[in-house]
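Observations on chain architecture
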Amino acid sequence: MWFVMGRAMTTVCSSAIPMMKRSAVHPSCLVRFSHKSAAHRPARPLSSSSLYRSYTAAAAAEMKLQTKLVTENQAEAGQEVIGECQLQHGEILNGDIKIHYVECGKLDGDLVLLLHGFPNFWYVWKNQFQPLAEAGFHVIAPDLRGYNTSSKPTGVASYGRQPVLSDVVCIIDHFGAGKRAIVVRHDWGGAVAWALAEDYPSKLTKIVVVNSAHLSVLGQLMRTNFQQLWRTWYILFFQLSWLPEFVISCHRYRTLRRVLELGPCRPQPAIDVERHVMAFSEKGAVQASINYYRAGYQGLWGQKPGSKPGTQLPVGIIWGEADQYLINELAEPPEALATDTSIMFLPKCSHWPMWDEPDHFNQLLLSLLSSDTNDRDCTSGTADNRSLIMKALKLRA
């Protein structure tokens, strides 16, 4: 996913080379040499780059402290306000696996499950909570196992198809109370939802895909399309045992910061970047999140023996055409995988259309969620949801 990771790796590996080339003096003597020479030459002012590094380091430290204080206060209260939407933090147990989630909206509304991808956590849906709550939905955004404060079991096999799907099914059963759910998914969350639609179709009403591809289609295209292989080279890099974890976390998670700062078309606020850094600073989070890619590469996300890929459920697709990681050919799944699809393109959006054009994205999302309201059976939701959705659309038009 990370087109900037190559640049970061180069920086990590060669950060000391320029200094060594400029001087034959051992680096440990450079400070003494500068001190002795200070009396014989005027003091040199700090360069703009040095001032910038000092400023950004201080700002990052202050932002991290502010974010920590805010999240600690919210954790104590169990609540958080994003925009004008109040979220309730909670945890659910699937055996010995703890899944953290946030919740908002009408408790008796249709259940909408928002699944994040890599390198995000539940907060990636920050712009969608309020519109979905206003439309009358019961919204649950979990942290997938391995992310943020959810449990992080050891071993690659813990992040295979069935263990991860069991967490999502547990969430649907707990909050759905017998009702089906709509799953909105992004990136790796898309792979989870595709598998969920194939293995547990009775749990779902429909799925909405946001810049995510079916794993089988992505794997095939990586073998036959050099452009897609080039964009997803990091998947092969993630198969190494320890180097990916080091690259992501070194220099105070500089690679992660650069992905979040340079990846979206709309720059994200510094405090949002720091929240992601804090989520990945949780013990074991970096390795656990990479283990999803290792599990996929090792075939642990394959179909059940004798089963066929694909779903008969309605599939809505919102696709940012300026995606740096997935070529646009992946937007439309083959008919063998989905026979009922609705595709909506956002030409000026990156891999994160929910960040780049949140208002436009929310309109498209609400329209997709309302498109099959009349076709749902009576057990899947409330009768007045369509009017609430249309009201929310008008308010945001």
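Below you will find a few notes about this structure. (Residues numbered from 1 in each chain as written. Predicted model: local features only at pLDDT ≥ 70, side-chain atom pairs only at ≥ 80, totals over all residues. Heavy atoms only, no water.)

**Topic: the overall build of the chain**
Assigned secondary structure in the chain consists of 16 helices and nine strands. Taken across its 397 residues, the chain has 51% of its residues classed as buried. Carbon and sulfur atoms provide 57% of the accessible area of the chain, an area that totals close to 18700 Å². (Helix = DSSP H or I, 4+ residues; strand = E, 2+ residues; numbered from the N terminus. Buried < 20%, exposed > 50% of the residue type's maximum accessible area, 1.4 Å probe, protein only. Areas by Shrake-Rupley, 256 points an atom, 1.4 Å probe, with all protein chains shown as cover.)

**Here's the deal with the pattern of salt bridges**
Following the criterion strictly, the structure yields nine salt bridges and no others. Here D199 and R161 are joined by a salt bridge, their closest N and O atoms 2.9 Å apart. Placement of the pair is D199 in helix α7 (residues 188-199) and R161 in helix α6 (residues 161-176), with a sequence separation of 38 residues. When sorted by exposure, D199 lands in the same class as R161, which is buried. Its salt-bridge partner being E245, residue R294 comes within 2.9 Å of it at the nearest N-O pair. One end of the pair, R294, is in helix α13 (residues 285-297); the other, E245, is in helix α11 (residues 243-262), with 49 residues separating them in the sequence. Grouping residues by exposure puts R294 and E245 together as buried. (Salt bridge = Lys/Arg side-chain N within 4 Å of Asp/Glu carboxyl O.)

**Regarding the sheet that holds strand β9 (residues 341-346)**
An order of β1-β2-β3-β5-β4-β6-β7-β8-β9 is seen for the nine strands of this open sheet, with the pairing classed as mixed. Each end of this open sheet is capped by a strand with a single partner; those strands are β1 (79-82) and β9. Strand-to-strand twist across the sheet, computed as the mean angle between neighbouring axes with direction ignored, equals 25°. With respect to the sheet, α6 is in contact with β2 (85-94), β3 (97-105), β4 (111-115), β5 (138-142), β6 (181-186) and β7 (204-210), its orientation differing from that of β2 by roughly 120°. (Pairing = 2+ DSSP bridges. Axes fitted to C-alpha atoms, helices over the stretch in contact; angles between N-to-C directions. Contact = heavy atoms within 4.5 Å.)

**With respect to α7**
Side chains that are three or four residues apart share a direction in an α-helix, a result of its 3.6 residues per turn. The terminal C-alpha atoms of α7 lie 17 Å apart, and with 12 residues this matches the ideal 16 Å at 1.5 Å per residue to within 8%. Most of α7 sits out of view: 12 of its 12 residues are buried. Those residues of α7 that sit buried are W188, G189, G190, A191, V192, A193, W194, A195, L196, A197, E198 and D199. (Expected span 1.5 Å × (residues − 1).)

**Some points on the pairing of β7**
Most of β7 is tucked away: seven of the seven residues are buried. Pairing between β6 and β7: six bridges, direction parallel. Bridging from a neighbouring strand, A181 pairs with L204 of β7. With four bridges joining them, β7 and strand β8 (residues 315-320) adopt parallel strand pairing. Counted as the bridge partner of I207 is V315 from β8.

**Overview of the pairing of β8**
For β8, a buried count of six out of six residues is recorded, marking the element as mostly surrounded by other parts of the structure. Both faces of β8 are covered, namely the face carrying V315, I317 and W319 and the face carrying G316, I318 and G320. For β8 and β9, the ladder comprises six bridges, and the chain directions are parallel. Within β9, the position partnered with G316 by the bridge is S342.

**Notes on the packing of aromatic side chains**
Scanning the model with the defined rule gives 24 aromatic pairs in all. Measuring from centroid to centroid gives 5.9 Å for Y234 and Y293, while their planes differ by 80°, and the two rings are edge-to-face. Taken together, the positions of Y234 in helix α10 (residues 233-237) and Y293 in helix α13 put the pair 59 residues apart, joining distant regions of the chain. Exposure remark for Y234: the relative accessible area of 4% places this residue in the buried category. It is K126 that lies over the ring of W355; its NZ or CZ is 5.3 Å from the centre. The ring of Y123 carries R275 above its face, with NZ or CZ at 4.4 Å from the centroid. (Phe/Tyr/Trp six-rings, centres within 6.5 Å; stacked < 30°, edge-to-face > 60°. Lys NZ or Arg CZ within 6 Å of the ring centre and 35° of its normal.)

**Quick look at the packing of α11 against helix α12 (residues 270-280)**
Look at α11 against α12: their axes get within 10 Å of each other, and the N-to-C directions meet at 140°. The pairing of α11 with α12 is recorded here as oblique in orientation. α12 is crossed by α11, and the crossing has right-handed handedness. Mapping the contact onto sequence places Y253, L256, R257, L260 and E261 in α11 and V273, E274, H276, V277 and F280 in α12. (Parallel < 35°, antiparallel > 145°, perpendicular 65-115°, else oblique. Left-handed = near helix turned anticlockwise from the far one by under 90°.)

**Here we look at unusual backbone geometry**
Put simply, F118 and P119 share a cis peptide bond, and its omega is 5°. With respect to the secondary-structure elements, P119 resides in the loop between β4 and α5 (129-134). Look at N211: it is not a glycine, yet its phi comes out positive at around 45°. Along the polypeptide, N211 turns up in the loop between β7 and α8 (215-224). You will see that Y253, though not glycine, has its phi angle at about 60°, which is positive. Note that Y253 resides in helix α11. Judged by its relative accessible area of 15%, Y253 falls in the buried class.

**Observations concerning the packing of α6 against α7**
Their axes nearest at 10 Å, the elements α6 and α7 cross at an angle of 75°. One way to sum up the angle between α6 and α7 is to call them roughly perpendicular. Contacts between α6 and α7 involve R161, Q162, V164, L165, V168, V169 and I172 from the former and V192, A195, L196, E198 and D199 from the latter. Each residue belonging to the contact of α6 with α7 can be placed in one class, and the counts come to eight nonpolar, one polar and three charged. (Nonpolar A, V, L, I, M, F, W, Y, C, P; charged D, E, K, R; others polar.)

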